[in-house]
Amino acid sequence: MTSELRRVAVFCASSPGHDESLVRSAYDVGKGLAERGLGLVYGAGGSGLMGAVAQGALDAGGEVIGVIPRSMVEREWGRDDLTEVHVVETMHERKALMAEKADAFLCLPGGLGTLEEIVEVWSWRQIGFNDDPVCFYDVGGFWQPFLHALQGLVDAGFLRQSALDDAVVADDLDSALAGLASRVRPSSG
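Residues numbered from 1 in each chain as written. Predicted model: local features only at pLDDT ≥ 70, side-chain atom pairs only at ≥ 80, totals over all residues. Heavy atoms only, no water.

*Asks:* I'd love a proper account of the overall build of the chain, names of residues and values included.
*Replies:* Helix and strand content of the chain: 8 helices and 7 strands. Over its C-alpha atoms the chain spans a radius of gyration of 16 Å, differing by no more than 12% from the 16 Å that the globule rule assigns to 189 residues. Projecting the C-alpha coordinates of the chain onto the three principal axes gives extents of approximately 45 × 45 × 30 Å. Looking at the 189 residues of the chain, the share that counts as buried comes to 48%. Partitioning the intrachain contacts of the chain with sequence separation of at least 6 by distance along the chain shows that 69% fall at a separation of at least 24. Accessible area for the chain stands at about 9000 Å²; split by element, carbon and sulfur atoms hold 52% of it. (Helix = DSSP H or I, 4+ residues; strand = E, 2+ residues; numbered from the N terminus. Rg over C-alpha atoms; globule rule 2.2 N^0.38 Å. Buried < 20%, exposed > 50% of the residue type's maximum accessible area, 1.4 Å probe, protein only. Contact = heavy atoms within 4.5 Å. Areas by Shrake-Rupley, 256 points an atom, 1.4 Å probe, with all protein chains shown as cover.)

*Asks:* Describe in detail the packing of aromatic side chains, supporting the description with residues and values.
*Replies:* With the rule as written, the count across this model stands at 6 aromatic pairs. With a centroid separation of 5.5 Å and 65° between ring planes, the pair formed by Phe136 and Trp143 is classed as edge-to-face. With a relative accessible area of 0%, Phe136 lands in the buried category. A ring pair is formed by Phe142 and Trp143, whose centres lie 4.9 Å apart and whose planes are at 85°; its orientation type is edge-to-face. The class of Trp143 is buried, set by a relative accessible area of 2%. Members of the aromatic cluster, connected to one another through ring pairs, are Trp122, Phe136, Phe142, Trp143 and Phe146. (Phe/Tyr/Trp six-rings, centres within 6.5 Å; stacked < 30°, edge-to-face > 60°.)

*Asks:* Quick rundown of the side chain of Asn130? Include the residues and the values.
*Replies:* Inspection of the secondary structure puts Asn130 in the loop between helix H5 (112-127) and strand E6 (134-137). A residue is classified by how much of its surface remains accessible, and Asn130, at 11% relative accessible area, is buried. Other than its neighbours up to four places away in sequence, Asn130 contacts Ala99, Phe105, Trp124 and Arg125.

*Asks:* Describe the packing of helix H1 (residues 20-35) against helix H2 (residues 48-59), with residues and values.
*Replies:* At a minimum axis separation of 6 Å, H1 and H2 run at an interaxial angle of 35°. Helix-helix and strand crossings are classified by hand; for H1 and H2 the assignment is right-handed. Of H2, the residues touching H1 (which contributes Leu22, Val23, Ala26, Tyr27, Val29, Gly30, Lys31 and Ala34) are Leu49, Ala52, Val53, Gln55, Gly56, Ala57 and Asp59. By residue class, the composition of the contact of H1 with H2 is 10 nonpolar, 3 polar and 2 charged. (Axes fitted to C-alpha atoms, helices over the stretch in contact; angles between N-to-C directions. Left-handed = near helix turned anticlockwise from the far one by under 90°. Nonpolar A, V, L, I, M, F, W, Y, C, P; charged D, E, K, R; others polar.)

*Asks:* With reference to specific residues and values, describe the sheet that holds strand E5 (residues 104-107).
*Replies:* Reading across the sheet, the 7 strands line up as E4-E3-E2-E1-E5-E6-E7 and stay open at both edges, with parallel pairing between neighbours. Whereas interior strands pair on both sides, the edge strands pair on one side only; in this sheet they are strand E4 (84-88) and strand E7 (168-170). Going from strand to strand, the sheet's axes swing by 25° on average, the running direction of each strand aside. Along the sheet, helix H4 (residues 91-101) makes contact with strand E1 (7-11), strand E2 (39-42), strand E3 (64-69), E4 and E5, crossing E3 at roughly 160°. (Pairing = 2+ DSSP bridges.)

No statement about biological role is implied by the geometric values presented.
Quick look at the structure:
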C-alpha cells in the first residue's frame, strides 16, 4: 500500500447475521489487514462480524485498536484482549476517536449502526471535516441495493456524482485497499 495507509477503521455488524460466509469474510478481512501490516481500528465489540474481524487480525498478530462507549462495556459487549482499548462516554466520541486513529474506513456488511457510521464519516470527507476515504466492502453484492438507492439521490439532484464516485466499492480486500490508498490525501506536515 502507501505509507499514508497505516490503519484502517472497520465498521460492521455486531451480530453474525444469517449468512455464515459473512462472518468468515469478516475474519479474513481482519487477518488480511494484519498480514499486510495494517492496523485495525474498530468498535471493540466481541460478537458478530465485529468480533470476527478483530479475531482475524489478532490471530495474524496484528494491531487491533478498539474504541467503545462505557455503557457498552458495562453491558459486557466489548473485548479487553486487544492491543489498545479506549473507553469513551458517547457514540460521538467513539466515532471521532476512530477517525483520529485511522487513515481510511472500510464498511463490511451491517445494519443501521453500520450505515450511520460510514455515512457520517463519508459526509465528513465531502465537507472537509475529515480527509479519510471510505470503502463499501461489497462481498456477495451486499451493498448493491444501498448503492442503487444512493444513485437515486444523485439522479434527484441531492448528491453529487463525484461524491458517490469518491467511495470505493470492492468485493475483495486487495481492491478495497488499493482504492483506499489511491484516495488517501497526503498529510500536510
